Amino acid sequence: MKKKRSWKWGVLLFLAAVLAISPMQWGQVNQSAGADEEYASLANQVNQILQDKRLDGALAGVSIRKADSGEVIYDHFGDVRLKPASNTKLFSSTAALETLGEDYQFSTEVLTDGKLSGKVLQGNLYLKGKGDPTLLQEDFEQFAAELKSQGIQKVKGDLIGDDTWYDDERLSEDLTWKDEIYYYGGQVSALTASPNEDYDAGSVIVEVNPGDQAGSKTKVTLTPYTDYVNIINKTTTVAAGQKKNVSITREHGSNDIIIEGEMPLEGSRTREWIAVWEPSGYALDLFENALLAEGIQLIGKHKMAMGKTPEESTLLAERKSMSLRELFIPFMKLSNNGHGEILAKEMGRVVSGEGSWDAGIEVMEGAAADLGVDTDTIQLRDASGMSHVNLVPANEISQLLYAAQNRDWYDTFLTSLPVAGAADRMVGGTLRNRMKTGAATGNVAAKTGSLTAVSSLSGYATTKDGEKLIFSIVINNDLTTVTPIEDAIATAIAEYEGE
């Protein structure tokens, strides 16, 4: 009996010794065993960067490949599934280019089931959305102008919004209730509108400025103007020099936008992009406003409602969006979550006739498999990366980036990636304020990712001797800012010179 106990204690002591080795040490052991000797100095440098105390208790997956062959030259927990944050957009973007094509356009239609009698349209007017996230107020005004040019001055019928191109599931399943208030968690609908040329679909810009004097309410403006939302202004203007403390939120389940706090005289503006509840109605409201501004009256007993356009309806006007080639600039440079989710539903609609997340994610997984990704080791739950349930190993991200190089659409994809240190917002994107000096500047093209306790950076960099390398860095469970660690690794790649 004593011998058995002694044997058990020996095993326990051995396991304790194994567990005592830090994750970073294990990473170095694995890396040293499988490293490409030609890149030993780069591997050693990356290993040193990963010793940063900011990674204590965190987990970093790092994968570096040769761009010309796809050979992995550095692997630190590269096969461990981690939350990728917005690196998920690498999967939605490549799938969209593979499935829809870089010249693909969304469309929006205005139709009627009635007839024009003199200057009166006798019948309902339908605004049918097919997913376009780029509709601005001016586009609704153009629709109204086209209708007037056709002789329509009055509509005797209902104004109907048709969002049936997609399903009616507005939010992806893992989105938190706090995120759905703001533009980055906006609801997804086939009929929607954006406030400006960032195309944050389904949101309005709320701007707060000081009132005329201390004690008065602040001045609030909306872009675009719409009475689809209800502004509840609880703010007060205070004397110049006092602290500004203004919050802008929306009540869940409603379009009551609540503004609270104090703003000093001559204080700087406060702005927030607020996601509306049910964006289909928002788009329809902008269309109605445009019709009225153009002098087109809605007469008789009429209502505004959602519905399905009858198949025999007559097309009166149509707008085609910009191509995906153009849309990918704001989508990827600014990491626009709504674009990712809309593309997922559009892929589902085009491929299987079902504009849903399930159908779209199935297309994404199929496209990833075609690009050599081992889909048995990944889990995708949305197309933007907002979900904390997405799981992807760094090695599979670098594989996706490697295979993308051989596709006809690669130039569009590469151009869409943020460029390190490039000041122009539509070039540098989310990397415009990172790696602003050194070998990485203007060299590293990569997709960023950020969630609570998650950070990622994956893309391409050219070494000092002109070799293109692919890298993926995914960090989870961090409790501090770890982007400098990602930047240091990307810079080390850019500064590397073969021995």
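How each quantity is defined
Residues numbered from 1 in each chain as written. Predicted model: local features only at pLDDT ≥ 70, side-chain atom pairs only at ≥ 80, totals over all residues. Heavy atoms only, no water. Phe/Tyr/Trp six-rings, centres within 6.5 Å; stacked < 30°, edge-to-face > 60°. Helix = DSSP H or I, 4+ residues; strand = E, 2+ residues; numbered from the N terminus. Buried < 20%, exposed > 50% of the residue type's maximum accessible area, 1.4 Å probe, protein only. Lys NZ or Arg CZ within 6 Å of the ring centre and 35° of its normal. Pairing = 2+ DSSP bridges. Salt bridge = Lys/Arg side-chain N within 4 Å of Asp/Glu carboxyl O. Axes fitted to C-alpha atoms, helices over the stretch in contact; angles between N-to-C directions. Arc of directions from axis to C-beta. Expected span 1.5 Å × (residues − 1). Contact = heavy atoms within 4.5 Å. Polar contact = N/O pair within 3.5 Å; in protein donor to acceptor, adjacent residues only side chain to side chain.

Colleague: Summarise the packing of aromatic side chains; cite the residues concerned and give the values.
Modeller: Under the counting rule described, the total for this entry stands at eight aromatic pairs. Ring geometry for Phe143 against Phe287: centres 6.3 Å apart, planes inclined by 80°, an arrangement best described as edge-to-face. Of the two residues, Phe143 sits in helix α5 (residues 137-149) while Phe287 sits in helix α6 (residues 279-293), which places them 144 residues apart along the sequence. Measuring from centroid to centroid gives 5.3 Å for Tyr183 and Tyr184, while their planes differ by 80°, and the two rings are edge-to-face. Judged by relative accessible area, Tyr184 falls into the partly exposed class, the value being 30%. Here the aromatic residues Tyr182, Tyr183 and Tyr184 are joined through ring pairs into a cluster of three or more. If you follow Lys130 out to its NZ or CZ, it ends over the ring of Trp165, 5.0 Å from the centre.

Colleague: So, the pairing of strand β4 (residues 107-112): which residues are in play, and what are the values?
Modeller: Burial analysis of β4 places six of its six residues in the buried class, the great majority of the element. Going residue by residue along β4, you find Ser107, Glu109 and Leu111 tucked away on one face and Thr108, Val110 and Thr112 tucked away on the opposite face as well. Alignment of β4 against strand β18 (residues 314-320), held across six bridges, turns out to be antiparallel. Residue pairing for β18: Val110 is matched across the bridge by Ala317. Judged from the five bridges that link them, β4 and strand β7 (residues 125-129) form a sheet pairing that is antiparallel. Looking across to β7, one finds that Val110 is bridged to Leu127.

Colleague: Go over the pattern of salt bridges, please, and point to the residues and values.
Modeller: By the definition in use, this model includes 21 salt bridges. Here Asp139 makes a salt bridge to Arg319, at a shortest N to O gap of 2.9 Å. Highlighted residues: Asp139 in helix α5 and Arg319 in strand β18, separated in sequence by 180 residues. We note a salt bridge from Arg381 to Glu173, for which the minimum N-O separation is 3.1 Å. Residue Arg381 is found in the loop between α9 (357-370) and β19 (392-393), and its partner Glu173 is found in the loop between β9 (159-162) and β10 (203-209); the two are separated by 208 residues along the sequence. We classify Arg381 as partly exposed; its relative accessible area is 26%. On the basis of relative accessible area, Glu173 is assigned to the exposed category, the value being 53%.

Colleague: Let's hear about the sheet that holds β18: which residues, and what values?
Modeller: What the five strands build is an open sheet, ordered β17-β9-β7-β4-β18; its pairing is mixed. On the outer flanks of this sheet lie β17 (304-306) and β18, each paired with one strand and no other. Averaged over all neighbouring strand pairs, the angle between strand axes comes to 20°, with direction disregarded. By the bridge criterion, four bridges tie β7 to β9 in an arrangement that is parallel. The residue of β9 that forms the bridge with Leu125 is Leu159.

Colleague: Provide a residue-level description of helix α3 (residues 40-49), including the pertinent values.
Modeller: All buried positions along α3 are accounted for by Leu42, Ala43, Val46, Asn47 and Ile49. The buried residues of α3 occupy one face: seen down the axis, they fall within an arc of 160°.

Colleague: I'd like a description of α9, backed by residues and values.
Modeller: Here α9 is 14 residues long and its end C-alpha atoms lie 20 Å apart, about the 20 Å a rise of 1.5 Å per residue gives. Among all positions of α9, only Trp357, Ala359, Gly360, Ile361, Val363, Met364, Ala367 and Ala368 are buried. Here the buried face of α9 lies against α4 (89-99), α8 (337-352) and α10 (394-404). Among the residues of α9, the N-terminal cap falls to Ser356, whose side-chain oxygen and the backbone nitrogen of Ala359 are separated by 3.1 Å.

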